[in-house]
Structures are given as structure tokens and as C-alpha cells.
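What follows is the residue order along each chain.
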Amino acid sequence: FHFLQKDFTLLKQAMSTTVSIQFCGGWGYKKYADQVEEAGKAKFGDKVTFNLIMDQGTTGNFEVSVNGKLVFSKSKNGDKKSDTAGAIAKIAAAI
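Structural notes, computed from the coordinates. Keep in mind it's a predicted model, so treat the numbers as computed, not measured.

About the criteria used
Residues numbered from 1 in each chain as written. Predicted model: local features only at pLDDT ≥ 70, side-chain atom pairs only at ≥ 80, totals over all residues. Heavy atoms only, no water. Helix = DSSP H or I, 4+ residues; strand = E, 2+ residues; numbered from the N terminus. Buried < 20%, exposed > 50% of the residue type's maximum accessible area, 1.4 Å probe, protein only. Contact = heavy atoms within 4.5 Å. Right-handed = clockwise from strand over helix to strand, strands pointing away. Pairing = 2+ DSSP bridges. Axes fitted to C-alpha atoms, helices over the stretch in contact; angles between N-to-C directions.

Our focus in this paragraph is the environment of lysine 90. Mapping lysine 90 onto the fold places it in helix α4 (residues 84–94). For lysine 90, a relative accessible area of 31% gives the class partly exposed. In this structure the C-alpha to C-alpha distance between lysine 90 and valine 64, which are 26 residues apart in sequence, comes to 9.0 Å. Sequence-distant contacts of lysine 90, defined by excluding residues within four places in its chain, comprise Val71, Phe72 and Asp79.

Set out below in C-alpha cells:
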């Protein structure tokens, strides 16, 4: 049965959730990315890995993806960068 435990560990790793937060580097959006990350860690604990990606320069981007799927976007969906609760709700729905 030891081999089953190894298989389960590999399956668990493959099923892990990654949330990427890509944000504008020129407009001070990092604080909003930090807020989403903090709220997400409080809600999901170690079940979710957060990656923060800062754009070079001024892009106006604030996008959140779950396992590569865009779920929250200031430019594409009109989501507000300061809507932490909305971002967390969309992350939860995608998980």
C-alpha cells in the first residue's frame, strides 16, 4: 500500500490550485494585488498558491487567473482593481 500513498501525493500535487495576479507596475497596483493575496491566503490557506506578476511600466492591467484561466480583469471585464471581495469570490467560483 506504500505505492498508493506515493500515487496519492503525486495526484494531490497535480490538483493544486495556482492563482496568478498580474498587475500594472507603474500605477501603484501592487497594494491591490497584495490585498487579494492576503485575503486569498486567509480564505484558502495552503490549498492555493499565489503568484504576483508585476508588469514593467504603466499598463493599467489588473488580472487574476486561476490555473491559467482568466477570472478577474480590469481591462477585459471592467472589474475594479480595488474590489478584493469580488476577486476572492471569482477565485472561489473557479476553484
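Because side chains alternate across strand β1 (residues 17–23), one face comprises the buried residues Thr17, Val19, Ile21 and Phe23, and the other comprises Thr18, Ser20 and Gln22, none of which is buried. Between the parallel pair β1 and strand β2 (residues 48–54), the chain is carried across by helix α2 (residues 30–44), and the sense of this crossover is right-handed. When β1 meets strand β3 (residues 62–66), the two strands line up antiparallel, connected through five bridges. Across the sheet, residue isoleucine 21 finds its bridge partner in β3, namely valine 64.

Within the open sheet, the four strands sit side by side as β2-β1-β3-β4. Their pairing is mixed. In this open sheet, the two strands that pair with only one neighbour each are β2 and β4 (69–73). Strand-to-strand twist of the sheet, defined as the mean angle between neighbouring strand axes without regard to direction, takes the value 20°. As judged from the four bridges shared by β3 and β4, these two strands associate in the antiparallel manner. Across the sheet, valine 64 pairs through a bridge with phenylalanine 72, a residue of β4. Taken strand by strand, α2 contacts β1, β2 and β3, and its axis lies near 175° from that of β2.

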